[in-house]
Amino acid sequence: MIQTENLRFQYQNSSELFHFPNINLSPKEDLLILGKSGIGKTTFLHLLAGLLKPTEGKVIIDDTEIQLLSNNKLDQFRGKNIGLVFQKKHAIQSLCVFKNLQARLFFSKSKVQNKDIESLLDQLEILEYKNSNINKLSEGQLQRLSIAMAVIHKPKILLADEPTSSLDDETCKIVIELLKQQAKQTQASLIVITHDHRIKSYFQNQINL
Amino acid sequence: MNVWKMSLENIKSKPLYTFISVFTLTLSIALLLGIQQLKSSFKYQTENNLGEIDVVVGAKGSPLQLVLASVLHLDDPTGNISYKEAKKIAKNPMIGSAVPISYGDNYKGYRIVGTSDQFTSLYGGELATGKKINKSLEAIIGSTVANKLNLSVGDTFLSSHGLIENEIDVHEEVFTVVGILKPTYKVIDRLIITKLESIWDVHDHHDHENEEHDKNEEHSDEYKNHEEHKDHDDHEEHSDEHKNHEEHKDHDDHEEHSDEHKNHTEHKDHDDDEEHSDEHEEDQEITSLLISFKNPRGILTLPRKINQQTNMQAALPKFEMDKLYAYTGIGFKTITWIAYLILFIAGLTIFISLYKMVKDRAFDLALLRTYGASNAQLIKMVTYEGFIIVFTAFGLGVIVIKIILKLLLNTFKVGHQQSMLQGLSFTDTYPIALLVLILAIISISLSVYPILKMKISTILSNEK
């Protein structure tokens with residue numbers, strides 16, 4: 001489902017060349033990528049999501065070499081096939097919870113019934129905040145919303161960048177379990193990038209950068 | 001959800017910025033439109049209502065007042081002049097047309113102008129329904145008068161004395177509407193036009209009443225003042241009024257006047273009815289004579305001749321209006337510059353509001369990109385946001401200025417229905433709309449620029 005070959009990346013105005021290991025995930029497979037800060041974890045994730053273009057090498061998602069796509073095509077491809085979960089920023093501030101999900105669907109050109117949005121919110125236990133402004137939610141609730149935003153359009157790949165780093169132990173556990181459960185439900189490959197060792201035990205496949 | 005709704009949600013999420021942007025923009029647009037409307041009304045008055053009138057001849061006094069009264073039908077007349085004298089002037093070969101007008105009465109605040117057939121053609125007036133005036137006490141009315149007073153052909157009305165609506169001093173003579181003019185958007189839309197004889201007949205009636213009271217009195221009654229016949233029974237007051245009449249203090253006037261009176265009495269000796277109309281024309285008075293020249297050199301020579309050699313004055317409408325415009329121009333200019341300043345501030349507010357959104361919410365915009373939004377969609381979103389504010393403000397500006405001008409007009413209108421204000425036309429709003437649009441485009445372009453430069457990866461990595 002997602003595969004990389006000889007992926008290298010160099011930032012402009014920087015002499016450091018990042019080398020990334022080859023990965024190859026089949027659908028529904030999980031992967032945990034561990035590494036210290038500054039080692040290029042986020043860079044790797046952004047390459048996988050097509051947010052950065054590799055200096056060398058390939059990222060192949062569902063038989064598409066995404067580094068070859070034009071910017072517009074890449075935006076569309078990303079919107080449709082990839083779900084991203086971030087550490088802190090979760091959703092658009094000016095919209096309420098429900099409208100965030102609607103906006104998400106609009107931009108990725110996916111069609112999902114309102115009742116399916118509601119049932120997802122229900123699963124993630126944030127249905128009661130449906131019409132709340134997002135800055136009224138707690139960290140844990142926001143991370144649940146973040147997961148909802150990442151899976152609502154049924155992506156093929158679910159990428160999470162430090163999803164648990166700012167959460168307490170209990171919430172951390174809930175969030176990682178929800179993430180795995182949602183990935184399974186949407187049949188997506190899940191890649192989590194973190195330096196948070198608390199979640200090591202949840203993944204069979206692990207790489208250290 | 002769509003891009004429009006996203007923009008609306010953005011606007012809703014920052015009410016204070018939105019309010020300030022809309023408020024300042026509305027204020028500047030309203031001011032600019034207001035100034036524009038006053039200016040174009042003014043221009044319209046000067047260019048259209050002056051029409052072909054090159055010179056106005058009337059009683060001595062303020063030339064501006066004479067022009068305002070006789071051409072724009074706004075002010076009170078300076079007084080009356082002798083029709084006989086006026087006709088002498090009209091014989092000048094350089095004159096193309098000389099239209100006499102006579103004032104004195106109104107109907108519900110709309111002025112009744114006694115004049116000749118040529119009057120309507122000065123303004124390009126054409127009959128919409130009905131026919132031309134054939135005899136005294138027939139009237140044709142302007143389209144505004146017809147609409148506002150709900151008059152149609154065949155209707156009758158009684159005129160009130162003076163130029164201001166009143167119900168105390170109503171004449172007995174019944175006017176009949178025989179025609180209604182098509183709208184000209186000029187001053188005649190708001191006038192009631194009749195024959196000179198109608199005015200004379202209405203006021204002669206008063207004179208005869210007077211004569212019965214004071215057969216042996218002095219000539220003072222001959223000097224009837226159309227406007228100030230308030231009390232016919234009180235002769236003393238009447239002659240007081242005469243004394244007070246500022247236009248006729250001149251001794252020469254009296255001499256000339258007694259001449260006229262002699263003339264008048266001579267005519268009285270005739271019992272012949274045919275002579276009656278002659279008597280009218282010879283001894284009657286008019287308010288002013290509207291002259292247009294066929295030979296443009298007339299403008300240079302005739303006014304001076306009239307001012308020097310007669311007890312009348314000749315005023316040049318164009319010159320008087322230019323002078324008035326120069327007086328008021330400074331005020332217009334100042335307000336215009338203030339309006340431009342506010343407009344600039346409004347543009348700046350819009351820019352800051354949008355730019356701040358783009359900068360502060362860079363992460364949101366980057367998130368939208370990860371959702372599949374293209375750069376073009378993000379730019380659209382910000383652009384729509386800007387335009388929603390601009391169009392709202394423009395709409396509000398138009399509404400606000402309409403209300404303000406209406407209120408001002410109602411406050412200042414008092415009695416006579418001759419408002420100077422033209423409706424706000426598309427051509428008036430168009431240059432201001434264009435200016436606001438250009439300003440909006442500049443503000444929006446400047447604020448969306450960072451989106452083009454946006455590196456989503458960098459923004460997203462900087463979250464921690």
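That block above? That's the structure.
Remember, it's a predicted structure, so these values are computed and weren't measured experimentally. (Residues numbered from 1 in each chain as written. Chains lettered and ligands numbered in written order. Predicted model: local features only at pLDDT ≥ 70, side-chain atom pairs only at ≥ 80, totals over all residues. Heavy atoms only, no water.)

Regarding its fold elements, chain A presents six helices and ten strands. Put simply, 70% of the contacts in chain A that link residues at least 6 apart link residues at least 24 apart. Split by element, the accessible area of chain A, about 9,400 Å² in all, is 43% carbon and sulfur. (Helix = DSSP H or I, 4+ residues; strand = E, 2+ residues; numbered from the N terminus. Contact = heavy atoms within 4.5 Å. Areas by Shrake-Rupley, 256 points an atom, 1.4 Å probe, with all protein chains shown as cover.)

Moving on: the packing of aromatic side chains. Residue and element names in this part refer to chain A. Inspection of the entire model under this criterion finds 15 aromatic pairs over all chains. Pairing Tyr 11 with Phe 18 gives two aromatic rings, centres 6.2 Å apart and planes at 85 degrees, and the pair type is edge-to-face. Judged by its relative accessible area of 31%, Tyr 11 is partly exposed. We classify Phe 18 as buried; its relative accessible area is 9%. Relative to Phe 44, the ring of Phe 20 lies with its centre 4.8 Å away and its plane at 5 degrees, an arrangement referred to as stacked. Residue Phe 20 is found in the loop between strand 2 (17-19) and strand 3 (24-25), and its partner Phe 44 is found in helix 1 (residues 41-48); the two are separated by 24 residues along the sequence. (Phe/Tyr/Trp six-rings, centres within 6.5 Å; stacked < 30°, edge-to-face > 60°. Buried < 20%, exposed > 50% of the residue type's maximum accessible area, 1.4 Å probe, protein only.)

All names here are of chain A. The parallel open sheet is built from five strands, whose spatial order is 7-8-9-4-10. In the strand order of this sheet, the two ends are held by strand 7 (82-85) and strand 10 (206-208), each with one partner. Recorded for the sheet is a direction-independent mean angle of 15 degrees between the axes of neighbouring strands. Where helix 1 meets the sheet, it contacts strand 4 (30-34), strand 7, strand 8 (157-161) and strand 9 (189-194), and its direction lies at approximately 160 degrees from that of strand 8. (Pairing = 2+ DSSP bridges. Axes fitted to C-alpha atoms, helices over the stretch in contact; angles between N-to-C directions.)

For the rest of this paragraph, the subject is helix 3 (residues 63-70) of chain B. Along helix 3 of chain B, the positions that sit buried rather than exposed are Leu 66, Val 67, Leu 68, Ala 69 and Ser 70 of chain B. Along its buried surface, helix 3 of chain B packs onto strand 1 (55-59), strand 3 (95-107), strand 4 (110-115), strand 11 (288-293), strand 12 (312-315) and helix 12 (317-360) of chain B.

A few words now on the interface of chain A and chain B. Each partner contributes to the interface: chain A provides 30 residues, whereas chain B provides 27 residues. Around 2,700 Å² of area is buried between chain A and chain B when both sides are counted, 61% of it from carbon and sulfur atoms. Considering only the side of chain A, the residues that lose the most area to chain B are Ile 92, Ser 94 and Phe 107 of chain A, jointly responsible for 25% of the buried surface there. Linking chain A to chain B there are two salt bridges. Between Asp 75 of chain A and Arg 369 of chain B there is a salt bridge whose closest N-O contact spans 3.1 Å. The interface formed by chain A and chain B contains eight residue pairs in polar contact (both at pLDDT 80 or more). Residue assignment for the side of chain A that touches chain B shows that the elements contributing at least two residues are helix 1, helix 2 (71-81) and helix 3 (97-107) of chain A. Per-element accounting of the side of chain A that touches chain B gives the leading share, six residues, to helix 3 of chain A. (Buried area = accessible area lost by both parts, 1.4 Å probe. Salt bridge = Lys/Arg side-chain N within 4 Å of Asp/Glu carboxyl O. Polar contact = N/O pair within 3.5 Å; in protein donor to acceptor, adjacent residues only side chain to side chain.)

So, about unusual backbone geometry. Even without glycine at this site, Asp 62 of chain A takes up a positive phi of about 50 degrees. Positionally, Asp 62 of chain A belongs in the loop between strand 5 (56-61) and strand 6 (64-65). The class of Asp 62 of chain A is partly exposed, set by a relative accessible area of 32%. Non-glycine residue Lys 108 of chain B carries a positive phi angle of around 50 degrees. On the secondary structure map, Lys 108 of chain B appears in the loop between strand 3 and strand 4.

Two faces belong to every sheet, and in a regular strand the side chains alternate between them. All names here are of chain B. Sheet topology note: the strand 5 (residues 127-130)/strand 8 (residues 170-181) ladder contains three bridges and is antiparallel. Paired with Gly 130 across the two strands is Gly 179, which belongs to strand 8. Relative to strand 8, strand 6 (residues 138-141) runs parallel, the two sharing four bridges. Bridged to Ile 141 within strand 8 is Ile 180. Sheet topology places strand 7 (residues 156-161) next to strand 8; four bridges connect them, and they run antiparallel. Among the inter-strand pairings, Leu 158 is bridged to a residue of strand 8, identified as Val 174.

According to the stated counting rule, one finds 21 salt bridges over all chains in the structure shown. When the shortest N-O distance is used, the salt bridge between Lys 323 of chain B and Glu 320 of chain B registers 3.4 Å. Here Lys 323 of chain B and its partner Glu 320 of chain B are both found in helix 12, three residues apart, which amounts to about one turn of the helix. Residue classification places Lys 323 of chain B among the partly exposed residues on the basis of a relative accessible area of 30%. Residue classification places Glu 320 of chain B among the buried residues on the basis of a relative accessible area of 5%. Within this structure, Glu 5, Lys 58 and Glu 65 of chain A form a network of salt bridges that share partners.

Take a nonpolar patch on the surface next. Residues and elements named next belong to chain B. Together, Phe 391, Tyr 430, Leu 434, Leu 437, Ile 438, Ile 441, Ile 442 and Leu 446 make up a nonpolar patch on the protein surface, roughly 760 Å² of accessible area in all. Here the nonpolar patch gets seven residues from one element, more than from any other, and that element is helix 15 (residues 426-453). Among the secondary structure elements, Leu 446 is positioned in helix 15. (Patch = residues over 30% accessible without salt bridge, like charges linked within 9 Å, V, L, I, M, F, W, Y side chains within 5 Å.)

This paragraph deals with the packing of helix 3 of chain B against helix 12 of chain B. All names here are of chain B. Close contact between helix 3 and helix 12 brings their axes to 9 Å; oriented N to C, the two are set at 110 degrees. With respect to helix 12, the axis of helix 3 lies roughly perpendicular. When helix 3 is examined against helix 12, the residues Pro 63, Leu 64 and Val 67 are found in contact with a partner set consisting of Pro 317, Glu 320, Met 321 and Leu 324. Grouping the amino acids of the contact of helix 3 with helix 12 by side-chain chemistry returns six nonpolar, no polar and one charged. (Parallel < 35°, antiparallel > 145°, perpendicular 65-115°, else oblique. Nonpolar A, V, L, I, M, F, W, Y, C, P; charged D, E, K, R; others polar.)

Turning our eyes to something else, we now look at the nonpolar core. Counting residues in hydrophobic clusters, the biggest one holds 118 residues, and the most contacted among them are Leu 159, Leu 179 and Ile 191 of chain A together with Leu 368 of chain B. Residue contributions to this core peak at eleven residues, all from helix 14 (residues 375-412) of chain B. Filtering out sequence-adjacent residues up to four positions away, Leu 159 of chain A remains in contact with Leu 45, Leu 48, Ala 49, Ile 82, Gly 83, Leu 84, Val 85 and Ile 191 of chain A. Ranked by size, the runner-up nonpolar core spans 31 residues in total, among them Val 71, Val 113, Val 187 and Phe 332 of chain B. (Core = buried A, V, L, I, M, F, W, Y, C linked by side-chain atoms within 4.5 Å.)

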